[in-house]
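Architecture at a glance
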Amino acid sequence: DTEVTQTPKHLVMGMTNKKSLKCEQHMGHRAMYWYKQKAKKPPELMFVYSYEKLSINESVPSRFSPECPNSSLLNLHLHALQPEDSALYLCASSQLQGSGANVLTFGAGSRLTVL
Amino acid sequence: AQSVTQLGSHVSVSEGALVLLRCNYSSSVPPYLFWYVQYPNQGLQLLLKYTTGATLVKGINGFEAEFKKSETSFHLTKPSAHMSDAAEYFCAVISPPPSGGSYIPTFGRGTSLIVHP
């Protein structure tokens with residue numbers, strides 16, 4: 001299995017809703033990433049987990065809350081979002097050692113619309 | 001510190017013509033260099049990478065790139081464009097992290113490749 005699976009593919013939510021994005025990989029990767037991507041822009045790093053521990057938080061607002069319950073799963077909990085948070089949210093994973101450590105494998109993304 | 005510059009936000013070619021997407025980087029240490037492709041409504045997919053060794057690297061779908069240290073460049077080429085090559089292309093640079101750290105790529109702004117019939 002060489003895929004990163006993200007669900008849901010599309011999500012529409014109001015500013016008062018609570019929702020979650022889910023990411024799953026079964027490649028044995030021990031680093032997992034959340035990125036935010038606006039249209040026609042490069043991905044912006046949000047969070048990195050290494051060995052299931054949060055290692056990087058790029059000063060993301062607290063309305064985004066990441067969680068890594070085990071080495072295969074990564075969640076992004078969403079609460080009280082703003083319309084400007086509408087974007088494609090990409091999950092990625094990588095090895096932490098070896099020749100594959102510098103290659104990120106991306107999921108297809110979850111397209112979020114905040115009304 | 002590291003950075004990536006992709007010249008041209010859009011490149012337009014005819015089907016069958018040469019594709020050339022430009023990427024220049026700056027890095028304080030020997031970098032790892034990557035090209036990723038993103039098709040509409042999809043995630044990023046690795047096209048090719050340079051870490052060490054041969055400076056001309058071949059990737060998927062007939063693409064290749066050459067690392068030129070003297071020019072700090074890593075341009076992406078394909079001899080003959082196909083309609084299916086239309087996508088967004090991102091150049092990225094990574095510097096090896098501190099021991100035990102994650103590799104964090106710095107992406108260029110992206111180049112949209114348009115292929116005309």
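Model, not experiment: these values are computed from the prediction.

1. Comments concerning the interface of chain A and chain B
- With 25 residues of chain A in contact, the opposing surface of chain B contributes 23 residues.
- The contact between chain A and chain B buries some 1,700 Å² in all, and 58% of this surface belongs to carbon and sulfur atoms.
- Run the count over chain A and chain B and you get zero salt bridges.
- For the pair chain A and chain B, the number of links is four residue pairs in polar contact (both at pLDDT 80 or more).
- Counting residues per element, the side of chain A that touches chain B draws most heavily on strand β4 (residues 31-37) of chain A, which supplies four residues.
- Residues that form the side of chain A that touches chain B fall into these classes: 16 nonpolar, six polar and three charged.

2. A word on the side chain of H29 of chain A
Residues and elements named next belong to chain A.
- Residue placement: H29 occurs in the loop between β3 (18-25) and β4.
- Looking at H29, the relative accessible area reads 8%, which means it is buried.
- Beyond its immediate stretch of four places on either side in the chain, H29 contacts S71, S93, S94, Q95 and T105.

Analysis parameters
Residues numbered from 1 in each chain as written. Chains lettered and ligands numbered in written order. Predicted model: local features only at pLDDT ≥ 70, side-chain atom pairs only at ≥ 80, totals over all residues. Heavy atoms only, no water. Contact = heavy atoms within 4.5 Å. Buried area = accessible area lost by both parts, 1.4 Å probe. Salt bridge = Lys/Arg side-chain N within 4 Å of Asp/Glu carboxyl O. Polar contact = N/O pair within 3.5 Å; in protein donor to acceptor, adjacent residues only side chain to side chain. Helix = DSSP H or I, 4+ residues; strand = E, 2+ residues; numbered from the N terminus. Nonpolar A, V, L, I, M, F, W, Y, C, P; charged D, E, K, R; others polar. Buried < 20%, exposed > 50% of the residue type's maximum accessible area, 1.4 Å probe, protein only.

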